[in-house]
Amino acid sequence: MSTIGLTAALLTTAAYVPQAYKTIKTRSTRDLSIVTFSMLFLGTILWFVYGLYIHDTPIILANGVTATLSGIIFFLKIGSFKKRRRR
């Protein structure tokens, strides 16, 4: 079971790497939903805390990395949103 969990964690976490890379590189968040990334960020934080609570390494690793990546995108989106409101 641990192999299945680690494989699932690797695949779902790796799915966010291209989006995070592109967003960080271009600083463009115009087409990204702030609602989606706020929910994803909060959800992965909660999954991470749950993983810590039950001592489940695949959940901790996958959601720690995913929360970091989605958090970067989310905070870039907030920064972009604030810049547009100032104009």
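This report concerns the structure included in the present document.

## Notes on the overall build of the protein
Then comes step 1: Helices and strands together make up the secondary structure of the protein, namely four helices and zero strands.
Then comes step 2: From first element to last, N terminus to C terminus, the protein shows the α and β order α-α-α-α.
Then comes step 3: Expressed as lengths along the three principal axes of its C-alpha atoms, the size of the protein is roughly 50 × 25 × 15 Å.
Then comes step 4: A total of 87 residues make up the protein; the buried ones form 29% of that total.
Then comes step 5: Across the protein, contacts joining residues at least 24 apart in sequence account for 70% of those joining residues at least 6 apart.
Then comes step 6: On the protein, roughly 6300 Å² of surface is accessible, and the fraction owed to carbon and sulfur atoms is 68%.

## Quick word on the packing of helix H3 (residues 34-54) against helix H4 (residues 57-86)
Then comes step 1: Relative to each other, H3 and H4 sit at 155 degrees, their axes nearing to 8 Å. With respect to H4, the element H3 is oriented roughly antiparallel. Viewed along their axes, H3 and H4 form a crossing whose handedness is left-handed.
Then comes step 2: Here the contact of H3 with H4 is built from residues that sort into 17 nonpolar, eight polar and one charged.

## Looking at the packing of aromatic side chains
Then comes step 1: Considering all chains together, one arrives at four aromatic pairs under this definition.
Then comes step 2: An angle of 80 degrees between the planes, with centres 5.7 Å apart, marks the rings of Phe-41 and Phe-75 as edge-to-face. Of this pair, Phe-41 sits in helix H3 while Phe-75 sits in helix H4, and the two are 34 residues apart along the sequence.
Then comes step 3: Here the aromatic rings of Phe-74 and Phe-75 are separated by 5.3 Å at their centres, their planes lie at 65 degrees, and the arrangement is edge-to-face.
Then comes step 4: Of the residues examined, Phe-74 reaches a relative accessible area of 13% and is grouped as buried.

What counts as what
- Residues numbered from 1 in each chain as written.
- Predicted model: local features only at pLDDT ≥ 70, side-chain atom pairs only at ≥ 80, totals over all residues.
- Heavy atoms only, no water.
- Helix = DSSP H or I, 4+ residues; strand = E, 2+ residues; numbered from the N terminus.
- Buried < 20%, exposed > 50% of the residue type's maximum accessible area, 1.4 Å probe, protein only.
- Contact = heavy atoms within 4.5 Å.
- Areas by Shrake-Rupley, 256 points an atom, 1.4 Å probe, with all protein chains shown as cover.
- Axes fitted to C-alpha atoms, helices over the stretch in contact; angles between N-to-C directions.
- Parallel < 35°, antiparallel > 145°, perpendicular 65-115°, else oblique.
- Left-handed = near helix turned anticlockwise from the far one by under 90°.
- Nonpolar A, V, L, I, M, F, W, Y, C, P; charged D, E, K, R; others polar.
- Phe/Tyr/Trp six-rings, centres within 6.5 Å; stacked < 30°, edge-to-face > 60°.

Function cannot be read off these values alone, since they describe shape.
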